[in-house]
Each structure stands twice: as structure tokens, then as C-alpha cells.
There are 2 protein chains.
Amino acid sequence: MRLTSKGRYAVMALVDLARFNNINPVSLRDISLRQGISLDYLEQIFSKLRKKEIVQSVRGTQGGYILNKRAKEIKLTNIFEAVDEKVKTVQCKKDSKKGCNGKLTKCLTHNLWDELENHINNFFDEKSLEDLVKDNNERRV
Amino acid sequence: MRLTSKGRYAVMALVDLARFNNINPVSLRDISLRQGISLDYLEQIFSKLRKKEIVQSVRGTQGGYILNKRAKEIKLTNIFEAVDEKVKTVQCKKDSKKGCNGKLTKCLTHNLWDELENHINNFFDEKSLEDLVKDNNERRV
DNA sequence: TATAAACCCGACTAAAATAGTCAAGTATCA
DNA sequence: TGATACTTGACTATTTTAGTCGGGTTTATA
Ligand code: FES
Ligand code: FES
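All figures in this text were calculated on a predicted structure; none of them were measured in a lab.

Engineer: What should I look at first to understand the layout of surface pockets in this one?
Structural biologist: Using a probe with the size of a water molecule, rolled over the atoms, empty space left in the structure can be pinpointed. Of the volumes computed, that of the largest pocket is approximately 290 Å³. Lining the largest pocket are 14 residues, and of these A:Lys106, A:Cys107, A:Leu108, B:Asn136 and B:Arg140 sit closest to its centre. Broken down by secondary-structure element, the contributors of at least two residues to the lining of the largest pocket are helix 5 (110-126) of chain A together with helix 2 (28-35) and helix 6 (129-140) of chain B. In terms of residues, the lining of the largest pocket owes the most to one element, helix 6 of chain B, which gives 3 residues. The residue inventory of the lining of the largest pocket, partitioned by class, reads 2 nonpolar, 6 polar and 6 charged.

Engineer: Sorry if this is basic, but what is going on with the pattern of salt bridges here?
Structural biologist: One side chain can pair with another of opposite charge once the charged atoms of both are near each other. All names here are of chain A. A complete count under the given rule lists 12 salt bridges over all chains for this structure. Here Lys 48 ties to Asp 84 by a salt bridge, and the two come within 3.0 Å at their closest N and O atoms. You can see Lys 48 sitting in helix 3 (residues 39-51) and its partner Asp 84 sitting in the loop between helix 4 (76-82) and helix 5, a full 36 residues away along the chain. The partner of Glu 73 in a salt bridge is Arg 70, and the shortest N-O contact between them spans 2.7 Å. Overall, Arg 70 belongs to the exposed group, its relative accessible area being 60%. Each member of the salt-bridge network shares a partner with another, and the members are Lys 94, Asp 114 and Glu 117.

Engineer: How should the protein's contact with DNA strand C be read in this particular structure?
Structural biologist: Lining the immediate surroundings of DNA strand C are 25 residues, of which A:Ser38, A:Gln44, B:Arg50, B:Ser57 and B:Tyr65 lie closest. Contact distances for DNA strand C include 3.1 Å between a phosphate oxygen and a backbone N or O atom of B:Leu28. Take B:Tyr65: an N or O atom from its side chain is 2.7 Å from a phosphate oxygen of DNA strand C. In the surface near DNA strand C, the residues fall into 6 nonpolar, 13 polar and 6 charged.

Engineer: Please explain the interface of chain B and chain A as it appears in this structure.
Structural biologist: Think of interface size as the accessible area that goes away when the parts come together; that is how it is often given. Taken together, the contacts link 43 residues of chain B with 44 residues of chain A. Summed over both partners, the interface of chain B with chain A comes to about 3,800 Å²; 62% of that surface belongs to carbon and sulfur atoms. The largest per-residue losses of area from chain B upon contact with chain A belong to B:Met1, B:Arg8 and B:Leu108, which jointly make up 23% of the total buried on that side. Connecting chain B to chain A are 2 salt bridges. Close ionic contact of B:Lys127 with A:Glu115 constitutes a salt bridge, the shortest N to O distance being 2.9 Å. For the interface between chain B and chain A, the tally reads 21 residue pairs in polar contact (both at pLDDT 80 or more). Among the elements that line the side of chain B that touches chain A, the one with the most residues is helix 5 (residues 110-126) of chain B, at 9 residues. When its residues are assigned to classes, the side of chain B that touches chain A shows 20 nonpolar, 9 polar and 14 charged.

Engineer: How should the protein's contact with DNA strand D be read in this particular structure?
Structural biologist: Taken together, 25 residues lie near DNA strand D, and A:Arg50, A:Tyr65, B:Ser38, B:Gln44 and B:Arg59 sit nearest. For DNA strand D, the fraction of atoms within 4 Å of the protein that belong to sugar or phosphate moieties is 64%. Between a base oxygen of DNA strand D and a side-chain N or O atom of B:Arg59, the distance comes to 2.7 Å. The contact in question runs from a base oxygen of DNA strand D to an N or O atom on the backbone of B:Gly60, over 3.5 Å. Those elements giving two or more residues to the surface near DNA strand D turn out to be helix 3, strand 1 (55-58) and strand 2 (64-67) of chain A together with helix 1 (5-19) and helix 3 (39-51) of chain B. The class makeup of the residues in the surface near DNA strand D is 6 nonpolar, 13 polar and 6 charged.

Rules and cut-offs
- Residues numbered from 1 in each chain as written.
- Chains lettered and ligands numbered in written order.
- Predicted model: local features only at pLDDT ≥ 70, side-chain atom pairs only at ≥ 80, totals over all residues.
- Heavy atoms only, no water.
- 1 Å grid on protein atoms, 1.4 Å probe; cavity = no way out; pocket = protein on both sides within 12 Å on 5 of 7 lines; lining within 4 Å.
- Points joined across faces, edges and corners; volume = space filled by probe spheres on them.
- Helix = DSSP H or I, 4+ residues; strand = E, 2+ residues; numbered from the N terminus.
- Nonpolar A, V, L, I, M, F, W, Y, C, P; charged D, E, K, R; others polar.
- Salt bridge = Lys/Arg side-chain N within 4 Å of Asp/Glu carboxyl O.
- Buried < 20%, exposed > 50% of the residue type's maximum accessible area, 1.4 Å probe, protein only.
- Near = heavy atom within 4 Å.
- Polar contact = N/O pair within 3.5 Å; in protein donor to acceptor, adjacent residues only side chain to side chain.
- Contact = heavy atoms within 4.5 Å.
- Buried area = accessible area lost by both parts, 1.4 Å probe.

Set out below in C-alpha cells:
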């Protein structure tokens, strides 16, 4: 059970972005240098974030990205959804009547994994980008 | 962020085993048939469970496996640990001073992932095999 | 004592997922 | 007109996962 680097980087980059979120857009190049993430990879990630309207792009020189909502309103859930970092614990299709064993009843552990999935998603629902920025500022002091 | 089938199967097989845990050992062949898990794969899994003293093996005809502790004392944590299904959210080495970016400070999100890891592990620490068997019996009624 | 049921062990492999790279653009500012 | 930065899509190497396979050894029982 591991977090992928796509999700990890997406959040990391957005925290970086949120910290500079005053007037000027922040370029991916800067984020890449500060956070040590490949520029090409960041571009993939931000393309998705833009399509889900989490960030806005500003093209041309001095361009970059800015948040499209207030940091308070961006939850981890939204970020993860945008970059397809999904929590998947059950094996079966959730809406199907069939279990992961192919039988017509759900397997012995189905319910457990479902609980787990909720447990994890609760964590993501609660944390906002603002929380993360604050946490970081406090730690820095 | 997904659960692997090794962890999923390990728990599934143990729940099956725990339900029959009276006198006779349960053969992997039976579990394989009931739960639809490859026998060869089950053998790998039970080999690990045995080494971590979660189950005991009984060799020869009529052999199989029995629990090595009371179901109440076997937590999901123990099972997952036994089959190397580990929760890994941070990228960096935890004990190292270096961050995942190679720098000497931990990255902006390190603390967040650490919290997440704890959050997930809490869930695993609380659930015992007994809970799972009970849950299943209740649902069956 | 032969046979079959079951555990035991290590090596191997196909498929999937991950973590990127690369190439060829377009928009905008100075 | 150059430089900076976003945009897009295809491609690929690596790693992880989810098994398979082939050979054992042990033990109950007929
Ligand atoms: S995980 Fe849903 S039926 Fe097994
Ligand atoms: S995850 Fe630990 S430093 Fe980034």
C-alpha cells in the first residue's frame, strides 16, 4: 500500500505554489528547482490540475500558474482526484453484484476494505492546502 | 494508493481459517477452492505467515494450518507485516536526515505523509481477526 | 509398505503500473 | 525577434505485482 509519486508531487508542488500565491504566477521551472521534481513530469501533473480547475495558467514570459480557488477550498481529495491518484482497496467492481472471487456474493473481506477506503478518504477530505501551508510556516518559525 | 492482492488474500485466507478453527487443521486446497485463490500463491503467503508465527502447520495427509494465537490477538498489522504489505507514504528514508529531494531538510509534505501513515496504521492496529469473523457472522444472519 | 494428501522451497516470468523522458509545438512579454 | 513558459501526445525504462512451475519432504491410512 503505497503512495505514488504523482500524488506526492502534485501536493508538494501545490503547497509550494500556495506559499507564493500573491500577485505573480509561479513558473514550473521554479517549482522544479526548489522541490527537485522533473520539469517534464510537473508539466504532466499541472496539465491535469488545470483541467480540473485547481490552477490557472498564465502563458508567455513571466507566466506560470496560480491557484484557481482559495487554498482553504482545495482539499487533498480534489488534488488526488485531479491527478488520478485514487485509493483502491477492494478488488471487485464496487457497483457490481459479483465479488472479487467471481461469485455472486461479496468476499469475506469486502466490507473491511470498504471501511478502510472510507477511513483513508476521510483524512483526505479534511486536509486543505491552507492547512498544509500553515503547518509549514509554523514549523519554520 | 492501492492494496496489493498479497495482503488482501492473506487476510481473506485467515478469516476463512479462523472460522473453522476448532480441532482440525484446514488445508490450503480447501481455502483455495472456497475463496478462489491460486493454491501456489497461497503457499507463498502461508509460508510467511508461519515464519511470523501467526499460523502453525500440520504436515502429512489430513494436514493443513491452524491459528497459532487466539483470533483476538491477531491484528491486521501483524498480518500485513508478515506478508510484507507495508504502508509506505513517505519517499525518503524515515531515519535519514535527508529529505526526498536530496536536501538536508525534509520536504514540504513529509509531515503530511507521516500523519497519513499513522492514520492508516491506526486502522490496522485496531482490527483483529476476531472482529472480522464476528462481522461476517452477523452479516450472514 | 505404498500411496496420496498435504506442506515446503526457490526460481522463474508475464503483465501491469509507475515514473519518468522526449519532441514538437503555441502564446506572450520585452 | 528572441526568450520564457505553457501545451500536447507519444514513447520507454524500470519496478512491482501476481502469479506459475518444478522439484522436493512429511505423514496418515489403506
Ligand atoms: S473485495 Fe469486493 S468482493 Fe472481494
Ligand atoms: S517525503 Fe520525507 S522528505 Fe519528502
